[in-house]
Amino acid sequence: MKVVLVTGGAGYIGSHTVLQLLLAGFKVVVVDNLNNSSEVAMHRVRELAGEFGSNLSVNMVDLRDRAALEEIFASTQFDAVIHFAGLKAVGESVQKPLLYYNNNLIGTITLLEVMAAHGCKKLVFSSSATVYGWPKQVPCTEESPLSALNPYGRTKLSIEEMCRDIYQADSEWKMILLRYFNLVGAHPSGYIGEDPHGIPNNLMPYVQQVAVGRRAALTVFGNDYNTVDGTGVRDYIHIIDLADGHVAALRKLDDPNIGCEVYNLGTGKGTSVLEMVKAFEKVSGKKIPLVMAGRRPGDAEIVYASTEKAERELNWKAKYSIEDMCRDLWNWASKNPYGYQSQDSTKQS
Ligand code: NAD
Ligand code: UFG
């Protein structure tokens, strides 16, 4: 049985990916400092995994704690690492750049050093479509020009460059850098999902909180873009499709010809803010009041992925539609209006 270390495994993407890994027969060891997540997510993943639940172990450790990380690597021989752990709020990264550079870069450097010291040289890293900046051409292909517009984006771009340098210096490394587009939704059980702390930065977590009455209205950032209805266009992908993309990437790491490769994980389709809101209203039966506002600084007009490379080389393709994403998001939100702290949760861990 293959053993995978998952950093940030208690988070939104991490928890869904850990579940898919367990169901696919992997043994999983999570390292997470629970800075932006809850242990409840791990209990629920264990339950959802049924007979495979006992193949999960969780360590509450900060990646920058080298001694603790060394201990974990000394006790288990990992086949590969999936590295999700990081801070991800763009606005906060502008306010607190050092926090982001410290957490994301030092965390990653420590991880890669400890991996190398223990002979584990297979990595899947969470990069982001943010590295395409404001794309001059869509769809974004893996060869499109890269730029970063804020400290968060610069940490992603720096880690990508770091990985390419490490591979150049030592071809024993096998690295897959996954550029995620816009994740939406939750596990269809409604038992795990996204539980952002504070005011959500992203569109659908905000919509979700309006729907359950936690916020009054959605502010639409810009309705004068050159798009179908004037609002920004993004490539929304269901969290389960994204999680399955990681299982496909792990399998690809066994390909003897793989070095350091980049793949987009998206659907290849663009959807506007108003189209997303309409789809959510339809499946939830909830009206989302809107307040039109100016453009959010740093926002691109239209971003969507070319998915050809991932389809061809990872043998992976997103299956779920916008309606599926909204339905599963609403299922999670209505069962857990206050996330993992929810009083009204259908099941308690
Ligand atoms: P998340 O905040 O839900 O999960 C990240 C997890 O990492 C959290 O559980 C947090 O506690 C943990 N963590 C952070 N710093 C840590 C540290 N120093 N040591 C140990 N654990 C630490 O975020 P997510 O949405 O699941 O994102 C996962 C990764 O994917 C991040 O690297 C993020 O930048 C990247 N990403 C996310 C999106 C998105 O829209 N959610 C898009 C592109 C890329
Ligand atoms: N939007 C609103 N109101 C809101 C939030 C968002 O109108 O309250 C609009 C934005 O202007 C944009 C669209 O909804 O047009 C999507 O915005 P998000 O904040 O949900 O997503 P972004 O594309 O801006 O960025 C997100 C993450 C990035 C990541 C990127 C691709 O925040 O870190 O997806 O994965 F890089």
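Below or above, wherever it landed, is the structure these notes cover. (Residues numbered from 1 in each chain as written. Chains lettered and ligands numbered in written order. Predicted model: local features only at pLDDT ≥ 70, side-chain atom pairs only at ≥ 80, totals over all residues. Heavy atoms only, no water.)

1. Topic: the site of ligand 2
Just so we agree on the cut-off: We call a residue near a molecule or strand whenever a single non-hydrogen atom of that residue lies within 4 Å of it. Whenever a nitrogen or oxygen atom comes within 3.5 Å of another N or O atom, the pair is scored as a polar contact, on the condition that within protein one atom can donate a hydrogen and the other can accept it, and that pairs from neighbouring residues in sequence are kept only if both atoms are in side chains. Here the open area of atoms and residues is found with the Shrake-Rupley method and a 1.4 Å probe, where only the protein chains shown may cover a residue.
Lining the immediate environment of ligand 2, one finds 20 residues, of which S128, T219, R234, R296 and D299 sit closest. Within the side chain of D299, a nitrogen or oxygen atom sits 2.6 Å from an oxygen atom of ligand 2. Contact with the protein chains hides 88% of the accessible area of ligand 2, taken as 690 Å² for the molecule alone.

2. Thoughts on the packing of aromatic side chains
Using the following cut-off: Ring geometry is summarised as follows: Phe, Tyr and Trp rings, the Trp one being its six-membered ring, pair when their centres sit within 6.5 Å, and such pairs are stacked at plane angles under 30 degrees, edge-to-face over 60 and tilted between the two. Each helix is a run of DSSP H or I of at least 4 residues and each strand a run of E of at least 2, with the numbering of both proceeding from the N terminus. For each residue, the accessible area found with a 1.4 Å probe, counting protein chains only, is set against the maximum for its type, and the residue is called buried under 20%, exposed over 50%, and partly exposed in between.
A complete count under the given rule lists four aromatic pairs for this structure. Here F280 and W330 contribute two aromatic rings whose centre-to-centre distance is 5.9 Å and whose plane-to-plane angle is 85°, an arrangement assigned as edge-to-face. Remark: W330 occurs in helix α11 (residues 322-335) and F280 occurs in helix α9 (residues 273-284); sequence separation between them is 50 residues. Per residue, the accessibility class of F280 equals that of W330, and both read buried.

3. A look at the sheet that holds strand β1 (residues 3-7)
The strands that make up a sheet are held in pairs by hydrogen bonds between backbone atoms, and each pair lies either parallel or antiparallel. Rule in force here: For two strands to be treated as a pair, DSSP must find no fewer than two bridges joining them. Axis definition: a line fit to C-alpha positions, over the contact stretch in the case of helices; interaxial angles, taken between N-to-C directions, run 0 to 180 degrees.
The strand order across the open sheet built from seven strands is β3-β2-β1-β4-β5-β6-β11, with neighbouring strands paired in parallel fashion. The open sheet has two edge strands with one neighbour each: β3 (56-60) and β11 (260-265). Ignoring strand direction, the axes of neighbouring strands in this sheet form an average angle of 20°. Two elements, β1 and strand β2 (residues 27-32), share five bridges in a ladder whose sense is parallel. Bridge pairing links L5 to V29 in β2.

4. Regarding the packing of helix α1 (residues 12-23) against helix α8 (residues 239-252)
Cut-off, in case you're wondering: Oblique is the label for any angle not covered by the other classes, which are roughly parallel (under 35 degrees), roughly antiparallel (over 145) and roughly perpendicular (65 to 115). Here a crossing is called left-handed whenever its near helix is offset anticlockwise from the far helix by less than a right angle, and right-handed whenever the offset is clockwise. The criterion used for residue contact is that any of the two residues' heavy atoms lie within 4.5 Å.
Where α1 meets α8, the axes come as close as 9 Å, and the angle between the chain directions of the two elements is 60°. As the angle between them shows, α1 and α8 are arranged oblique. In this structure, α1 meets α8 at a crossing whose hand is right-handed. Contact with α1, carried on its side by Y12, I13, H16, T17, Q20 and L21, involves I239, I240, L242, A243, D244, H246, V247 and L250 of α8 and no other residues of that element.

5. A short note on the site of ligand 1
Within the structure, ligand 1 sits among 27 residues, and D32, N36, S37, K88 and Y152 are positioned closest to it. Measuring from a nitrogen atom of ligand 1, one finds a side-chain N or O atom of D62 at 3.3 Å. Within the side chain of Y152, a nitrogen or oxygen atom sits 2.7 Å from an oxygen atom of ligand 1. For ligand 1, whose unbound accessible area comes to 820 Å², protein coverage reaches 95%.

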